Each structure stands twice: as C-alpha cells, then as structure tokens.
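So you can see what is in the structure, the chains are spelled out below.
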Amino acid sequence: AGRRQRRESYGSGKQRIVYNSGELSAEDLFPKTIRQKRKTNADRAAAADAFIRDSAMITNFRSLLYEITGSLEMMEVRDVSWGAAFHRSIAESSELGPLLSPAEYEILSAAPPQGVSLNTTIAFLERHNRSKTLWDQGYISRNDLPEGISPHMSNYADHDEILERMKKFKDDTAIAKQSGYDNIMDMYMVSLDTFKKEVDRQQRGVCARVKLRISQEIALTREAFEATLEIDNSAPSPLTNFRIDITFEYGDTRVNATHLFRVGTPTLEGITGVDGNGTLGINGRCCKMANHSVT
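Each value, and the rule that gives it
- Residues numbered from 1 in each chain as written.
- Predicted model: local features only at pLDDT ≥ 70, side-chain atom pairs only at ≥ 80, totals over all residues.
- Heavy atoms only, no water.
- Helix = DSSP H or I, 4+ residues; strand = E, 2+ residues; numbered from the N terminus.
- Expected span 1.5 Å × (residues − 1).
- Buried < 20%, exposed > 50% of the residue type's maximum accessible area, 1.4 Å probe, protein only.
- Phe/Tyr/Trp six-rings, centres within 6.5 Å; stacked < 30°, edge-to-face > 60°.
- Salt bridge = Lys/Arg side-chain N within 4 Å of Asp/Glu carboxyl O.

Student: If you had to explain helix H6 (residues 118–136) to someone new, which residues and values would you point to?
Tutor: In this model, H6 (19 residues) spans 28 Å end to end at C-alpha, consistent with the 27 Å of a helix rising 1.5 Å per residue. For H6, the complete set of buried residues consists of Thr120, Thr121, Phe124, Leu125, Arg127, His128, Asn129, Arg130, Ser131, Lys132 and Leu134. Taken from the residues just after H6, glycine 138 is the one with a positive phi, measuring 100°.

Student: A description of the packing of aromatic side chains should follow, citing residues and the corresponding values.
Tutor: Working definition: an aromatic ring pair is given by the centre-to-centre distance plus the angle between the planes. The tally for this structure, following the rule as stated, stands at six aromatic pairs. On the basis of an interplanar angle of 55° and a centroid distance of 6.2 Å, the ring pair of tryptophan 82 and phenylalanine 124 is categorised as tilted. With tryptophan 82 in helix H4 (residues 80–89) and phenylalanine 124 in helix H6, the pair connects residues that are 42 residues apart, well separated along the chain. Among the residues examined, tryptophan 82 registers a relative accessible area of 8% and is labelled buried. In this structure phenylalanine 124 comes out as buried when scored by relative accessible area, which is 8%.

Student: Got a sec to walk through the pattern of salt bridges? Specific residues and values, please.
Tutor: Using the criterion set out here, one finds 11 salt bridges in the structure. Residue aspartate 136 is joined to lysine 132 by a salt bridge in which the shortest nitrogen-to-oxygen separation is 2.8 Å. A residue pair is termed a helical-turn pair when its members lie 3 or 4 positions apart in one helix, as aspartate 136 and lysine 132 do in helix H6 at four residues. Judged by relative accessible area, aspartate 136 falls into the exposed class, the value being 53%. A relative accessible area of 18% places lysine 132 in the buried class. For aspartate 193, the salt bridge identified is with lysine 197, shortest N-O distance 3.3 Å. Of this pair, aspartate 193 and lysine 197 are both found in helix H9 (residues 184–204), four residues apart, which corresponds to roughly one turn of the helix.

Everything listed here is a matter of geometry and, on its own, says nothing about what the molecule does.
Right under this line is the structure:
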C-alpha cells in the first residue's frame, strides 16, 4: 500500500505534489518510458549473458580438442577417412591396442590429413604415443611429472585436463539439448546472432531526442523571436563532435530560404559547442538559442 499522487498548480506556473491514500500501481511507480528502457536493458543484458555462457562452452570444447591434438592445425582436421584410419589404429583390437605400432605409424604419416603438413601429423602421432605411455606409468597430469624431465617428454596430453573438459562438454551438450538445440555450436550461433542484433539495435536506436520550441507566433516581417532547441541524450555515452546547422525552407517545395533569416549567437546550456567540436554528456540536455530574428 502507498499513497497516490497528483500534481496541483499554484502561483506562477509552479506545481506541487499532493498525495491521496490508496495503492500505487506499477504505472505510478515506473512511467512507461522508464519501463521500456528497463526492458530494453534487460533484453540486452540477457543476450550478453547467453552469448558469454555459450562462448565459454565453445572455448572449453576447443581447449579440449587442443589438449588432445596439440596444435590448431590438427584440431581443425575434417578428413573423415584419415580420422577413421587413426581410430582403427588405436582400437583395442589393433596391433598394440591404444598405442600406435610402427606399421600403423608409418601408414598414418605417409598420407597426412588433408590440409595438414607432414611435420604436424608426425608431431600429433608422437604426442599420442607419448601420452599413452606416460599415462600407463602414472603420469596422468603435468603436475605429476618429475623435476628435470625433458621438455620433449612433457609435451603430452594432460589426462586430468581432458577428463575435466570432457565432463564440462557433456554437461554443456545436455544444456543445449534441454534448450532445444542439437549441439552447443547451434546454440552458440543463435546467441551470437541475438547478441549482434541487440548491439545493432542499440547503435541504431534513438540516442537523442530533439524538440524545437518557439515562444511566440511569427507573423510580422522583421519580427524577432526566441527559440529553444532541446536535445536530450539518453545514450549510455556522451555525444561527441556535436554540430547544429539551422536551415529554413519555404512551402511544400521546400525551397531553401536560409538566406532570408539571421540566426543570432546561441546561448548554450549543457553542451560545449555546436560547431562540430561540441560534447553533450550522458543524460545531458542542451541548449537555448535566443534572439533569432527575421531579416
């Protein structure tokens, strides 16, 4: 419960707020423009949160692939036939089981995956055998490696990190499927597109509202009049390189009639200038331009 308010005028154009007993509604507490702005901000924040969440999923997945392969080149392999041959070579039913035999090593390195260099292919095959050998010896994490081990031997896949990232990947995939997507990449692409649209809408949105007020009617030739140009900046950043050019047009044909008028020097309030170098701050308002006269 609260008090409902109304405005009453008194004196020379002054107003005061009078409260009545009653209950305040959401419309009373939050004017429509404020509610719309808060909704826009909420939509933008939700899009950013989803994009950050889904980006973290993709980062984890790519880090998992990199830990297994050891190179960006190998983790981007799309050669299905080479991949199938590799998995057959490390199957339990293969010559040495998960380890590559010299013959299997020779076959796989003789025909590298499409788009991958021979050196990168050899480095990956050596990394695989080295990793499996060290795991069998109990070195499942780089933190387990004894001091003084050669850098060459330390270049292997961290078993613990792979398990941790694999678990997260499975959890992320479950979240994607619960959200109606086949995989995390599909969900990421949607959140990326939504985020881009929100950013674009912000950039294309109304960053300033302009209103022109003339204090009296213009009826007589050479009659001077005062005008106020109000600009409200509701953008989250200042308006810079601010410039105002005033032109006058005549009738429906919109013939330029600026040369028939003389515009006086403006009185600026809340802005540093209107010549192209001005700045209007956040939530700023400008500016009064007075003593405009008809020539």
